[in-house]
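Single-letter residue listing:
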Amino acid sequence: MTRETRIARMLLVFVFAPGGGLFGKAVAEAAQARPWWPWLVAALVWLTVSGAISTAVSTAMSNHSAEHR
């Protein structure tokens with residue numbers, strides 16, 4: 001496994017695992033008839049921000065490895 005592949009897998013987990021947890025919390029709150037929308041907003045913000053960071057890191061790593069070939 002290359003270094004880029006390991007980083008890509010770590011970034012995938014970094015983005016989706018917490019987002020899934022936040023969505024799960026929203027569902028649990030809705031099931032208890034409590035306000036669920038703040039958790040949904042938090043999940044969407046997390047996915048947007050961490051996804052953008054992940055894309056930037058992945059692109060930078062790809063460009064860096066292409067320069068050294």
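One numbering rule holds for all chains: residues counted from 1, following each sequence as written. Totals for whole chains, interfaces and linings use all residues, but because this is a predicted model, local features are given only for residues with pLDDT of at least 70 and pairs of side-chain atoms are given and counted only at 80 or more. Heavy atoms throughout the structure, all of them, feed into the side-chain values; hydrogens and water do not.

Draft legend 1. Quick peek at the environment of A52. Numbering of helices and strands runs from the N terminus; a helix is a DSSP stretch of H or I covering at least four residues, while a strand is a stretch of E covering at least two. Structurally, A52 is set in helix α2 (residues 37-67). Separated by 37 residues in sequence, A52 and V15 have C-alpha atoms that sit 9.5 Å apart.

Draft legend 2. Structural context of unusual backbone geometry. Look at A33: it is not a glycine, yet its phi comes out positive at around 60°. Turning to its location among the elements, A33 is positioned in the loop between α1 (3-31) and α2. Exposure is judged per residue with a 1.4 Å probe applied to protein chains only, and the accessible area is read against the type maximum: over 50% gives exposed, under 20% gives buried, and values in between give partly exposed. According to the relative accessible area criterion, A33 is exposed, its value standing at 72%.

Draft legend 3. Region of interest: the pattern of salt bridges. We define a salt bridge as a side-chain nitrogen of Lys or Arg found within 4 Å of a carboxyl oxygen belonging to Asp or Glu. Tallied over the full model, the rule gives two salt bridges. K25 is the partner of E29 in a salt bridge, and the nearest nitrogen-oxygen pair spans 3.0 Å. One end of the pair, E29, and the other, K25, are both in helix α1, four residues apart, so they sit about a helical turn from each other. Overall, K25 belongs to the partly exposed group, its relative accessible area being 32%. Shared partners join several salt bridges into a network, and the residues in it are K25, E29 and R34.

Draft legend 4. Examining α1 more closely. By definition here, a helix of n residues has an expected span of 1.5 Å times n minus one. An ideal rise of 1.5 Å per residue puts 42 Å on 29 residues; α1 measures up with 42 Å between its terminal C-alpha atoms. Every buried residue belonging to α1 is among I7, L11, V15, G19, L22, A26 and E29, and all of these are buried.

Worth remembering: the numbers are spatial, not functional.
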